[in-house]
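Letter by letter, the chains look like this.
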Amino acid sequence: MLKFVKQNLENIDGVSIYPIISLLIFFLFFVALFIWVFTAKKEHINEVSNIPLDEQLKSEHS
């Protein structure tokens, strides 16, 4: 199976750029997430973390 895929991919011009693009997207996503986590306001994090425990919100949606 791998030989079949490898043989087909070798025939495509410029296919070597796709793994690089995928790695860059993966890396940039996690860098952005890391930056957001460390720059987010503590009040916002506490508010969002308490949403499942908030009885008033649960009763409004029922």
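Within any chain, residue numbers begin from 1 and follow the written order of that chain's sequence. This being a predicted model, a pLDDT of at least 70 is required before a residue's local features are given, and a value of 80 or more before pairs of side-chain atoms are given or counted; all residues contribute to the totals for chains, interfaces and linings. With hydrogens and water stripped out, all remaining heavy atoms of the structure feed into the side-chain values.

Participant: Can you help me understand the environment of S49 in this one?
Facilitator: Where helices and strands are cited, they refer to DSSP runs of H or I of at least four residues and of E of at least two residues respectively, numbered from the N terminus. In this structure, S49 sits in helix 3 (residues 42-49). A relative accessible area of 44% means that S49 is categorised as partly exposed. Polar contact is defined as a pair of N or O atoms within 3.5 Å, subject to the rule that within protein one atom must be able to donate a hydrogen and the other to accept it, and that residues adjacent in sequence are counted only when both atoms are side-chain atoms. Of the polar contacts made by the side chain of S49, one reaches the backbone oxygen of N46; its length is 2.9 Å. Whether a residue is buried, partly exposed or exposed follows from its accessible area with a 1.4 Å probe, protein chains only, as a fraction of its type maximum: under 20%, in between, or over 50%, in that order.

Participant: Please clarify how the environment of L28 should be interpreted in this entry.
Facilitator: Within the secondary structure, L28 is located in helix 2 (residues 17-39). With 10 residues separating them in the primary sequence, L28 and F38 have C-alpha atoms 15 Å apart.

Participant: How do you make sense of the packing of aromatic side chains when you look at a structure like this?
Facilitator: The description of an aromatic ring pair uses the distance of the two centres, along with the angle that the planes make with each other. Only Phe, Tyr and Trp rings take part, Trp by its six-membered ring, and two of them pair if their centres are within 6.5 Å. Stacked means planes under 30 degrees apart, edge-to-face means over 60, and tilted covers everything else. Inspection of every chain in the model, using the stated rule, returns three aromatic pairs. On the basis of an interplanar angle of 85° and a centroid distance of 5.1 Å, the ring pair of F29 and F30 is categorised as edge-to-face.

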